[in-house]
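# Summary of structural features
Residue strings, one per chain:
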Amino acid sequence: MDDGYELVEYRLDEDHVFWELKKTSHNLSELQKAMADSRLRESCHKLFLQLGKIIDYGVATSCQTQKLRCLDSETGLYEIKGFDGAAREMAYIVCKDPAHIVLLHRFRGHQGSGNIHREIKQAKRLALEASAQLERLEKAK
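Given the structure is predicted, the values throughout are model-derived calculations rather than measurements.

With that settled, the discussion passes to helix H4 (residues 117–140). Between its terminal C-alpha atoms H4 stretches 35 Å, which fits the 34 Å expected from 24 residues at 1.5 Å a residue. Buried within H4 we find Glu 119, Ile 120, Ala 123, Leu 126, Ala 127, Glu 129, Ala 130, Gln 133 and Leu 134.

Right under this line is the structure:
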């Protein structure tokens, strides 16, 4: 199941760690590419601030503030929103203290149509992969 993917770790500081699921065949992850693009750098910075808040305040509080939306509690699939206009991030989140967040992919928000089924379907598969990768990482420690 975990052939072709790996986790890239990001540390905002000592207390704020998250990961991104990356295809092993790619040199750079999607987030690394976005950080290198001057047009998307500010959006990445806003995402990092949002992730810091989710880690600090917890998943439940972030859901109540509508910056985070649970799409499938069974697989741990969440939509991170409110960090840069219509930009959204699909994430696999393990509700621990602190939360273990794995970014799956970025997409443009539905902007009122409410139809993000295609993104959810793709993200569910990636969430299972992220779960397996995190489990492997935990066993390696």
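To continue, consider the layout of surface pockets. The computed volume of the largest pocket comes to approximately 230 Å³. Lining the largest pocket are 14 residues; nearest its centre among them are Tyr 5, Leu 21, Lys 23, Glu 30 and Leu 104. For the lining of the largest pocket, the secondary-structure elements that each account for two or more residues are strand S2 (16–23), strand S6 (100–108) and H4. The residue inventory of the lining of the largest pocket, partitioned by class, reads five nonpolar, four polar and five charged.

Turning next to the sheet that holds S2. The strands making up a sheet are joined through hydrogen bonds of the backbone, oriented either antiparallel or parallel. Read from one edge to the other, the open sheet built from six strands follows the order S1-S2-S6-S5-S4-S3, with strand pairing classed as mixed. A strand with exactly one partner marks an edge of an open sheet, and here the two such strands are strand S1 (5–13) and strand S3 (68–72). For this sheet the average axis-to-axis angle between neighbouring strands, irrespective of direction, equals 35°. Where S1 lies against S2, eight bridges are found, and the strand directions are antiparallel.

Moving on: unusual backbone geometry. Each neighbour pair has its own omega, and for Asp 97 with Pro 98 the value is 5°, a cis peptide bond. Even without being a glycine, Gln 66 presents a positive backbone phi close to 65°. When you line up the elements, Gln 66 lands in the loop between helix H3 (59–64) and S3. A relative accessible area of 59% means that Gln 66 is categorised as exposed.

Tallying each qualifying case throughout the model produces two aromatic pairs. Both rings, one in Tyr 10 and one in Phe 18, keep their centres 5.1 Å apart while their planes meet at 15°; by these two values the pair is stacked. No difference in accessibility class separates Tyr 10 from Phe 18, as the two residues are buried. Relative to Phe 48, the ring of Phe 18 lies with its centre 5.8 Å away and its plane at 40°, an arrangement referred to as tilted. Highlighted residues: Phe 18 in strand S2 and Phe 48 in helix H2 (residues 41–57), separated in sequence by 30 residues. Just as Phe 18 is buried, Phe 48 falls in that class too.

The rules behind each value
- Residues numbered from 1 in each chain as written.
- Predicted model: local features only at pLDDT ≥ 70, side-chain atom pairs only at ≥ 80, totals over all residues.
- Heavy atoms only, no water.
- Helix = DSSP H or I, 4+ residues; strand = E, 2+ residues; numbered from the N terminus.
- Expected span 1.5 Å × (residues − 1).
- Buried < 20%, exposed > 50% of the residue type's maximum accessible area, 1.4 Å probe, protein only.
- 1 Å grid on protein atoms, 1.4 Å probe; cavity = no way out; pocket = protein on both sides within 12 Å on 5 of 7 lines; lining within 4 Å.
- Points joined across faces, edges and corners; volume = space filled by probe spheres on them.
- Nonpolar A, V, L, I, M, F, W, Y, C, P; charged D, E, K, R; others polar.
- Pairing = 2+ DSSP bridges.
- Axes fitted to C-alpha atoms, helices over the stretch in contact; angles between N-to-C directions.
- Phe/Tyr/Trp six-rings, centres within 6.5 Å; stacked < 30°, edge-to-face > 60°.

Everything listed here is a matter of coordinates, which is why it stays silent on function.
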